[in-house]
Amino acid sequence: MAFIGNKEYFKGIADIKFEGKLSDNPLAYKYYNPEQVVAGKPMREHFKFAVAYWHTFCGQGADPFGPGTQNFPWDQSQDPIVAAKEKADAAFEFISKLGFDYFCFHDFDLIQEANSFSESEKRLSTIVDYIKEKKEAAGINLLWGTANCFSNPRYMNGAATNPDFNVLARAAGQVKLALDATIALNGENYVFWGGREGYMSLLNTNVKKELDHMGRFLALARDYARDQGFKGTFFIEPKPMEPMKHQYDFDAATVIGFLNQYGLQDDFKLNLEVNHATLASHTMQHEMEIAASQGMLGSIDANRGDYQNGWDTDQFPNNINEVTEAMLVFLKAGGLQGGGINFDAKIRRNSTDMEDVFYAHIGGADIFARGLLIADKIISTSQYDALRAQRYSSFDSGKGKDFEAGKLDLKALYEIALENGELDLQSGKQELFENIINQYI
Ligand code: XLS
Ligand code: NI
Ligand code: NI
């Protein structure tokens, strides 16, 4: 859609179009062609690409050693309502020009938190009304909303897991407002990232109590949202550490166990983030595979870490081998359950031109599109699927099939072992699998 706002923030940048891989235009998609059908669905629907409000319109490049470097022309007014509206104007101009269909937000990305809870509530409702109009005019949807229950000093000891009940109640109040905002903006999903739900030291922490509180807190949030008519999925976003030494939502497997234990498994799925997987010493492919194996692959926060240092650098994705392997899991799982691909990523502190954030998202969308095309080719034309099936073919018939059907006991397996004697080795063929990936890239 052409630019329709009051004031143009990204001047000189037109709508980003697909031009194909031979194009030299840095402001064009080379692989992401929204309407192109891959494995039965247009790319647009496979991905549901979203812009993260916090990185792209709020984060100005500050780090522990220096202030922001990206002097945004919006968000300059001293009046928080005016600043928030200007930020929303810039956001919807950007998302429209990029041709994405979705955005994601934390409550206080949309507008600065006030000094009192009741004033914050008023501010939120003002900006939600404004954004509702903007998103409808631009045809942009809300992939998910969330509450920032980790930045304000009151949450230094946690939110749902805070040892002080009154802080827990304040967090619950904040989550209620964020759910109201998400519902008012027709949000398709709602995320919980437990940024400070964990501990700095076990010496002062009652883990059992904190986990029970978190389980109850999430159930209450779900019940409230369902009562308000929210039909979307709730996502937990695992991360093993940072800011805490240890976070309870450590990784996909841990969160799935937690959801089952507290009776949340029917309403919650996972929002997996690449750099969080790395921090947990996993690949993204691993996290996706674990989630998919339990029907829990809900949504993705796309970014990448840096292998030479340990923290959550939130860089835009650009590694084709890794994305291709992730897209193999994605396609085999039948895609995401309710969610999409949210670029929870930021440009580097020294990327200070207005077009840099376009390059970042274009590159991100293109690497996912390219990974999807390659993964689809691998599945539909290579030996990949047949080789995998072959490894497990002893379960397709005879005793192997009986085992899967629960028809054999341990004694029966013992008899089979006796009868078989020593077995031939079966190769895992890992190098062949690896070669197939590279051949199709
Ligand atoms: C931080 C998380 C955060 C969540 C939303 O590491 O990725 O940005 O996605 O609160
Ligand atoms: Ni993160
Ligand atoms: Ni995230």
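See the structure above.
## Observations regarding the overall build of the protein chain
- Helix and strand counts for the protein chain stand at 16 helices and 14 strands.
- Taken against the 2.2 N^0.38 rule, which gives 22 Å for 441 residues, the C-alpha radius of gyration of the protein chain at 24 Å falls within 12% of a compact globule.
- Overall, the protein chain is about 80 × 60 × 45 Å in size when its C-alpha atoms are taken along their principal axes.
- Taken across its 441 residues, the protein chain has 49% of its residues classed as buried.
- Of the contacts formed within the protein chain by residues at least 6 apart in sequence, a portion of 76% connects residues at least 24 apart.
- Taken as a whole, the protein chain presents about 21,300 Å² of accessible surface, with 51% of it coming from carbon and sulfur.
- The average position of the 43 basic charges and that of the 61 acidic charges among the side chains of the protein chain differ by 2 Å.

## Details of the pattern of salt bridges
- Under the counting rule described, the total for this entry stands at 18 salt bridges.
- Across the pair Lys87 and Asp75 runs a salt bridge whose closest N-O atoms are separated by 3.9 Å. Here Lys87, found in helix H3 (residues 80–98), pairs with Asp75, found in the loop between helix H2 (53–58) and H3; they are 12 residues apart in sequence, far enough to count as distant.
- For the salt bridge of Arg222 with Asp223, the shortest nitrogen-to-oxygen distance reads 3.0 Å.
- By relative accessible area, which is 36% here, Asp223 ends up partly exposed.
- Look at the salt bridges and you will find they share partners, linking Arg222, Asp223, Arg226 and Asp267 into a network.

## Quick notes on the pairing of strand E7 (residues 141–146)
- By the criterion of burial, E7 is predominantly enclosed, with 5 of the 6 residues buried.
- With 2 bridges joining them, E7 and strand E8 (residues 189–192) adopt parallel strand pairing. Counted as the bridge partner of Trp144 is Asn189 from E8.
- Between E7 and its parallel partner E8, the chain crosses via helix H6 (residues 165–184), and the hand of that crossover is right-handed.

## Looking at a nonpolar patch on the surface
- A contiguous nonpolar surface patch, about 310 Å² in accessible area, is contributed by Phe403, Leu410 and Leu413.
- With respect to the element layout, Leu410 can be found in helix H15 (residues 410–420).
- What makes Leu410 exposed here is its relative accessible area of 71%.

About the cut-offs
Residues numbered from 1 in each chain as written. Chains lettered and ligands numbered in written order. Predicted model: local features only at pLDDT ≥ 70, side-chain atom pairs only at ≥ 80, totals over all residues. Heavy atoms only, no water. Helix = DSSP H or I, 4+ residues; strand = E, 2+ residues; numbered from the N terminus. Rg over C-alpha atoms; globule rule 2.2 N^0.38 Å. Buried < 20%, exposed > 50% of the residue type's maximum accessible area, 1.4 Å probe, protein only. Contact = heavy atoms within 4.5 Å. Areas by Shrake-Rupley, 256 points an atom, 1.4 Å probe, with all protein chains shown as cover. Lys, Arg positive; Asp, Glu negative; His and termini not counted. Charge placed at Lys NZ, Arg CZ, Asp CG, Glu CD. Salt bridge = Lys/Arg side-chain N within 4 Å of Asp/Glu carboxyl O. Pairing = 2+ DSSP bridges. Right-handed = clockwise from strand over helix to strand, strands pointing away. Patch = residues over 30% accessible without salt bridge, like charges linked within 9 Å, V, L, I, M, F, W, Y side chains within 5 Å.

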